[in-house]
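Here are the chains, one letter per residue:
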Amino acid sequence: RGRHSPHSAFAPMVFPHLILLGLLPFLQLVMGHQIGTEFGVRGSTFIDVAKEGKFGQITSVNAVGWPTSDGEFTLFDHRPVAAWLGASNIDDPLARVPDDSGTYQFSFKGKATLSSWSTTLSSIVFDSTTWTTTGTATIARGGNFFQIRFSGSQASSTSATNTGVTDWRVIRPGYTFQDADTQIFVSEIFQMLSPFNHIRYMGWRDTNYNTLAYGSPLNATFGWADRRLPTDATQGSSQLRPGTQGIAWEYIIILANMLNKDVWINVPVQATGSLASDLGSYSYNLALLFKDGNAFTNNQGLSPNLKIYIEHSNEVWNNGFSQYAWNRNMAIVEVNADPNSVLNQFFQRSAWQRGPEDVWAMRRHAKRTMEIGLIFQAAYGQGSFATKIRPIYAHFTIAPFQYNETLTWFTKVYGPPSNFFWGLAQTHYYDEGATYSLPNATVAQIVQALKESSDSERTYTSTINRIARSFMLHHTSYEGGSGFREQNTNNIANRITANRDPMMRQIVYEDVVDNWFALGGELYNYFTVCGAYSRYGCWGLTDMCNNLTTPKYLGIMDVIRETSTTTSTTAAGGSSTAAVSTTTTSSTVRSSSTSSSSGGVVAGSTSSASGTSATPQSTTVSSASSSSASGTTLASSSSTPSITSTTALPTTTLSSSSARSSSSSSSSSSSSSSLSSSSSSSSS
């Protein structure tokens, strides 16, 4: 890695006994240096868009969420933030939106009068024999809102009116009903995710705020029967049961097997199960589902070759999330019930903590991570730890001392953390720095601030790496990438434009290679692969799931290509040190590629994504570069030799041969599909 050797930066002062054995470089190269990403799709994940729809204006639902009255069905809202307040209020200066246009086929059980202000409904046929209604809905180009109103509904031939309709299916243009049953997910997902080593599903599972903490008892838990089911009316409904937020676990298993990618899962903070003998608990049954599957997955669990990284909820340290309040309260309950609780043993007050409750909460988080990991190991059997089951202890990046304090306590109570945790995790974000508050900051200034922020995080990463190594744990990043000061429209156009600047390719690359791997970091998760750019963040490597030529996406592809070369050389040569010289130093990476194209978008851009196909086959990314006009003080194309290469990325083979391609079947919408200006909160 040029000036930053991934070994010399930390190894000599941490594990001298392993250095003597020559094991640490081998472990770091073979076990680490892998790139994953947070699952994120701007728009419909499923070919059947009804799976993520939401019902409104209804009076009641049945046990699985189908309406039992007249109402409306919102299939998606893919408008840019905040178009609902008027065109002048749109955050994105390019007003990029997915191409949702085309004709959707639909069907449902029941009879009703249909209407829609957002689409043109036609060919509506009611079959009284099967009591089924079919039809088509056409969305014009530029339309990104899809809602159907049903009135005078009659669920069956013996039902009264205003009794609802069920079993909605709404198929994206370019696909068939059969595709929805076999391929299941839109083709863009396979192309977009194929290069990565593992996928984290925190957001898709709605992990944040996924508790009953507000408005319900703070000690309420939910069991396996309370979870989201794949057979629920939609995967977008909430409050159907205590644990119905987010996508069903079955779909994660199915997608992971299709992708052939390791999974990083976040077990809900309220999930039951503390002992390996808790066979009826949420945690144990979740482990069994991943191991054996169920009828919905054709009794196929996660593929035997795939690993499971396990995190206890997400950012339990973060008092902005309800899981923090819930975990803290449960720690208090435990110590109040038993002052000799392990949470209160070897007590030492920590800096930044208001009282002993906060120390108990930090310790409980580590304890729960251990308990869940042991339950998964019990389900999978002896020898599964590290080889299959990889529990991850994650905490607050800017408080390294708390990692050390908690793991020191853990060692005294339970023994070496490496017997229970595979890795330790931090975030690895960088943001706009002081330019955030400057109303007239230029794009060049913002880009430079992002680079400087990335470099400034090296101290935290180095410190946490030393802590991880001292406890014999792998050093991982549960989230990382270009962060954003959320909820503010100050200079929003330039802040968004900066995240599309060609220089972002080099910044993303150097952040991972120089400021993560070179400091001893191993597994790296980019947050997130795809998402809309707005006041709520510019988190995505791309803001269009069918556009894989954005600077940030290409930057992470540069890293993946390099680490793949490293791994291949190590494996072929049998020498862990020989691989270092085969990699490309960051100083020779082109300062930028061509500016981001906006494939499959409308309103503000006319170019289409290049270098990708619409079917889940081999994805080829062209690295042709051009000079940067950003004007920053980063390396420019005149001083940095450009490298042009075309590399075929990993291939995903689907179980179904009916994968479809369609220019109109682009993946769509922002993670927020609300009808108001509210948006899903990103982890920061």
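Here, the structure is the one placed above.
Residues numbered from 1 in each chain as written. Predicted model: local features only at pLDDT ≥ 70, side-chain atom pairs only at ≥ 80, totals over all residues. Heavy atoms only, no water.

Brief notes about the overall build of the protein chain
Each helix and strand in the protein chain was counted, giving 14 helices and 20 strands. For the protein chain, the proportion of contacts with a sequence separation of at least 24, taken over those separated by at least 6, is 76%. Carbon and sulfur atoms form 53% of the exposed surface of the protein chain, whose accessible area is close to 23900 Å². (Helix = DSSP H or I, 4+ residues; strand = E, 2+ residues; numbered from the N terminus. Contact = heavy atoms within 4.5 Å. Areas by Shrake-Rupley, 256 points an atom, 1.4 Å probe, with all protein chains shown as cover.)

Remarks on the sheet that holds strand β10 (residues 166-171)
Spatial strand order, β7-β8-β5-β10: four strands in an open sheet with antiparallel pairing. A single partner strand is all that each edge strand has here, and the edge strands are β7 (120-127) and β10. Across the sheet, the mean angle separating the axes of adjacent strands is 15 degrees when strand polarity is ignored. In terms of strand pairing, strand β5 (residues 102-109) meets β10 through four bridges, oriented antiparallel. Its bridge partner lying in β10, Gln105 is registered against Ile171. (Pairing = 2+ DSSP bridges. Axes fitted to C-alpha atoms, helices over the stretch in contact; angles between N-to-C directions.)

Comments concerning the environment of Ala295
Following the sequence through the fold, Ala295 ends up in the loop between α6 (282-292) and β13 (308-312). C-alpha of Ala295 to C-alpha of Glu250: the two residues are 45 residues apart in sequence and 9.9 Å apart in space.

Focus on the side chain of Thr542
Looking at the element boundaries, Thr542 is found in the loop between β17 (524-526) and α14 (551-573). Sequence-distant contacts of Thr542, that is, excluding residues within four places in its chain, are made with Met192, Val529, Cys530, Gly531, Tyr533, Asn547 and Thr550.

A closer look at the packing of α6 against helix α8 (residues 356-380)
Interaxial distance between α6 and α8 falls to 9 Å at its minimum, and their mutual angle equals 45 degrees. One finds that α6 runs oblique with respect to α8. For the element pair α6 and α8, the recorded crossing hand is right-handed. The segment α6 lies against α8, with Ser283, Tyr284, Leu286, Ala287, Leu288, Phe290 and Lys291 engaging Arg368, Ile372, Ile375, Phe376, Ala378, Ala379 and Tyr380. Residues that form the contact of α6 with α8 fall into these classes: 11 nonpolar, one polar and two charged. (Parallel < 35°, antiparallel > 145°, perpendicular 65-115°, else oblique. Left-handed = near helix turned anticlockwise from the far one by under 90°. Nonpolar A, V, L, I, M, F, W, Y, C, P; charged D, E, K, R; others polar.)

Observations regarding helix α7 (residues 322-337)
Taking 1.5 Å as the rise per residue, α7 with 16 residues should run 22 Å; its terminal C-alpha atoms sit 23 Å apart, in good agreement. Those residues of α7 that fall on the buried side of the exposure criterion are Ser322, Gln323, Tyr324, Trp326, Asn327, Asn329, Met330, Ala331, Ile332 and Val335. In this structure, the buried side of α7 is in contact with β13 and α8. (Expected span 1.5 Å × (residues − 1). Buried < 20%, exposed > 50% of the residue type's maximum accessible area, 1.4 Å probe, protein only.)

Focus: helix α13 (residues 504-513)
The buried fraction of α13 is high, at 10 of 10 residues. Turning to α13, its buried residues are Met504, Arg505, Gln506, Ile507, Val508, Tyr509, Glu510, Asp511, Val512 and Val513.

Comments concerning the sheet that holds strand β3 (residues 71-77)
If you walk across this open sheet you meet the four strands as β2-β3-β9-β6, and the pairing is antiparallel. Two strands in the sheet have a free side with no partner beyond their single neighbour: β2 (54-56) and β6 (111-115). Strand-to-strand twist of the sheet, defined as the mean angle between neighbouring strand axes without regard to direction, takes the value 30 degrees. Relative to strand β9 (residues 145-154), β3 runs antiparallel, the two being bridged by six bridges. Bridge pairing in β9 links Phe76 to Phe146.

Remarks on the pattern of salt bridges
For the structure shown, the criterion picks out 26 salt bridges. Taken together, the shared-partner salt bridges connect Glu38, Arg200, Glu311 and Glu479 into one network. (Salt bridge = Lys/Arg side-chain N within 4 Å of Asp/Glu carboxyl O.)

Remarks on the packing of aromatic side chains
Aromatic ring pairs are reported here in terms of the distance separating the ring centres and the angle at which the planes meet. A complete count under the given rule lists 39 aromatic pairs for this structure. Among the aromatic residues, ring-to-ring pairing joins Phe39, Phe46, Phe185, Tyr201, Trp204, Tyr251 and Phe296 into one connected group. (Phe/Tyr/Trp six-rings, centres within 6.5 Å; stacked < 30°, edge-to-face > 60°.)

Here we look at the pairing of β3
Of all seven residues in β3, seven are buried, a share of seventy percent or more. Bridge count between β2 and β3: three bridges; the pairing is antiparallel. Among the inter-strand pairings, Lys54 is bridged to a residue of β3, identified as Thr74.

What about unusual backbone geometry?
Omega for the peptide link from Val81 to Ala82 comes to -10 degrees, which places this bond in the cis form. Topologically, Ala82 is positioned in the loop between β3 and β4 (97-98). The omega torsion across Phe527 and Thr528 is 0 degrees, close enough to zero to call that bond cis. Inspection of the secondary structure puts Thr528 in the loop between β17 and α14. Even without being glycine, Asp167 reaches a positive phi, approximately 55 degrees. Locating Asp167 in the fold gives a position in strand β10. The class of Asp167 is partly exposed, set by a relative accessible area of 38%.

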